[in-house]
Amino acid sequence: MRKIRYGHISPDISQYAQAAPYRSRMQFVRSLFRGAPATALITVVCLGVFVITALQSHSISNVVWGSSLAENMVLFGPFIDAPSATLRTLLAGFLHVDISHVAVNMITLALLGPQLERRLGTGPYSLLYAAGVLGSSASVLEWNYDVPTAGASGALYMLMGVLLALSMRQKVNVRAPLALVGANLAYSVLSPGISLWGHLGGLVVGLLAGWPVTSVKKRVRWLASALAAVAAVAAVALVIGVA
């Protein structure tokens, strides 16, 4: 989450030469998201929200305060009021501040999301993704209440936690996922304008739920992801009540 950046071709075959790169790109996208409809939908929604907010704000470098849609989605303590409070804590995970923010997050989601969705199943994955967003929002409201925050990266940190658990369960080298988590946490600490609390909240959800949601038993994955979602909603409700 981020705080509030040829040579000549004969006419007979030119249409095919121009269409081939497009078809290749589309085939790559389809193969990337094959078996991962929830990840694909999340990506489309995030990109769609960014396009709308950019058009409303007439900017791609700061879309939040010039967009009515963004102002109704951004996570900001003083904006939290019932009955829309819980909805805002979820919607903020689909809002991004600028074009680099949405680009980096969507690339990361495309790299992590599909493989985990295929492993967990779309239903448990979707519940867990929502839990990651809500857990991240609860952390922000508790420790960064008066700082406007938005972005999918809290959920992405949750996915990193699950990836670490999956690597441990499969008894493969965990140095790569540990390095991924460590490097991103270091970036969160060292970079201004980055919501460390949002990232930590999502990571905690992933670390706590990671082992059961990667079980080979489908029933266990469903139960663990549902419990994670319920716990995240409860955490949001508790924080909002205290705030």
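**Overview of the overall build of the protein**
Phase 1 of the analysis: Along its length, the protein carries 10 helices and two strands.
Phase 2 of the analysis: When the helices and strands of the protein are placed in sequence order, the string is β-α-α-α-α-α-α-β-α-α-α-α.
Phase 3 of the analysis: Taken across its 243 residues, the protein has 45% of its residues classed as buried.
Phase 4 of the analysis: Accessible surface computed for the protein: about 12,300 Å², of which carbon and sulfur atoms make up 68%.

**Some words on the packing of aromatic side chains**
In this description, an aromatic ring pair is defined by two values, namely the gap between the centres and the angle between the planes.
Phase 1 of the analysis: Counting across every chain of the model gives five aromatic pairs.
Phase 2 of the analysis: Aromatic side chains Trp65 and Phe76 sit 6.4 Å apart centroid to centroid with 70° between the ring planes, which places their arrangement in the edge-to-face category. With a gap of 11 residues between them, Trp65 in the loop between helix 2 (37-57) and helix 3 (68-71) and Phe76 in the loop between helix 3 and helix 4 (85-91) connect regions that are remote in the sequence.
Phase 3 of the analysis: Residue Phe76 is classed as buried on the basis of its relative accessible area, which comes to 15%.
Phase 4 of the analysis: Within the aromatic cluster, the residues linked to one another by ring pairs are Trp65, Phe76 and Phe79.
Phase 5 of the analysis: Over the aromatic face of Trp211 sits the side chain of Arg169, whose NZ or CZ is 4.1 Å from the ring centroid.

**Let's talk about helix 8 (residues 175-190)**
Phase 1 of the analysis: A rise of 1.5 Å per residue sets the reference length of helix 8, with its 16 residues, at 22 Å; its end C-alpha atoms lie 22 Å apart and thus fit the reference within 8%.
Phase 2 of the analysis: Turning to helix 8, its buried residues are Pro177, Val181 and Ser188. Along helix 8, the residues classed as buried sweep out an arc of 35° about the axis, all on the same side. Residues Arg175, Ala176, Val189 and Leu190 are exposed on helix 8 and point more than 90 degrees away from its buried face.

**Some details on the nonpolar core**
Phase 1 of the analysis: Core analysis: the largest hydrophobic core is formed by 56 residues, its most contacted members being Leu109, Tyr125, Leu128, Tyr129 and Leu159.
Phase 2 of the analysis: Those elements that place two or more of their residues in this core are helix 2, helix 5 (99-120), helix 6 (122-143), helix 7 (153-169), helix 9 (196-213) and helix 10 (218-242).
Phase 3 of the analysis: With near-sequence residues (within four places) excluded, Leu128 lies in contact with Leu120, Met158, Val162, Ala209, Val213, Ser225 and Ala228.

**What about the environment of Gly121?**
Phase 1 of the analysis: Within the secondary structure, Gly121 sits in the loop between helix 5 and helix 6.
Phase 2 of the analysis: Given the relative accessible area of 23%, Gly121 is considered partly exposed.
Phase 3 of the analysis: Spatially, the C-alpha atoms of Gly121 and Gly35 are 8.9 Å apart, while their sequence positions differ by 86 residues.

**Digging into the confidence of the model for the protein**
Phase 1 of the analysis: When pLDDT is averaged along the protein, the result is 90, and 89% of the positions lie at 70 or above.
Phase 2 of the analysis: Confidence drops under a pLDDT of 50 for residues 5-17, and excluding neighbours within four residues, the segment shows nine contacts in the predicted structure.

**What about the packing of helix 5 against helix 7?**
Phase 1 of the analysis: In the contact formed by helix 5 and helix 7, the axes pass within 10 Å of each other and the chain directions differ by 45°. Classified by the angle their axes make, helix 5 and helix 7 are oblique. Read as a crossing pair, helix 5 and helix 7 show a hand that is left-handed. Contacts from Asn105, Thr108, Leu109, Leu112, Gly113, Gln115, Leu116, Arg119 and Leu120 in helix 5 reach Ser153, Leu156, Leu159, Met160, Val162, Leu163, Leu166 and Arg169 in helix 7.
Phase 2 of the analysis: Grouping the amino acids of the contact of helix 5 with helix 7 by side-chain chemistry returns 10 nonpolar, five polar and two charged.

Thresholds, definitions, all that
- Residues numbered from 1 in each chain as written.
- Predicted model: local features only at pLDDT ≥ 70, side-chain atom pairs only at ≥ 80, totals over all residues.
- Heavy atoms only, no water.
- Helix = DSSP H or I, 4+ residues; strand = E, 2+ residues; numbered from the N terminus.
- Buried < 20%, exposed > 50% of the residue type's maximum accessible area, 1.4 Å probe, protein only.
- Areas by Shrake-Rupley, 256 points an atom, 1.4 Å probe, with all protein chains shown as cover.
- Phe/Tyr/Trp six-rings, centres within 6.5 Å; stacked < 30°, edge-to-face > 60°.
- Lys NZ or Arg CZ within 6 Å of the ring centre and 35° of its normal.
- Expected span 1.5 Å × (residues − 1).
- Arc of directions from axis to C-beta.
- Core = buried A, V, L, I, M, F, W, Y, C linked by side-chain atoms within 4.5 Å.
- Contact = heavy atoms within 4.5 Å.
- pLDDT = per-residue confidence, 0-100.
- Axes fitted to C-alpha atoms, helices over the stretch in contact; angles between N-to-C directions.
- Parallel < 35°, antiparallel > 145°, perpendicular 65-115°, else oblique.
- Left-handed = near helix turned anticlockwise from the far one by under 90°.
- Nonpolar A, V, L, I, M, F, W, Y, C, P; charged D, E, K, R; others polar.

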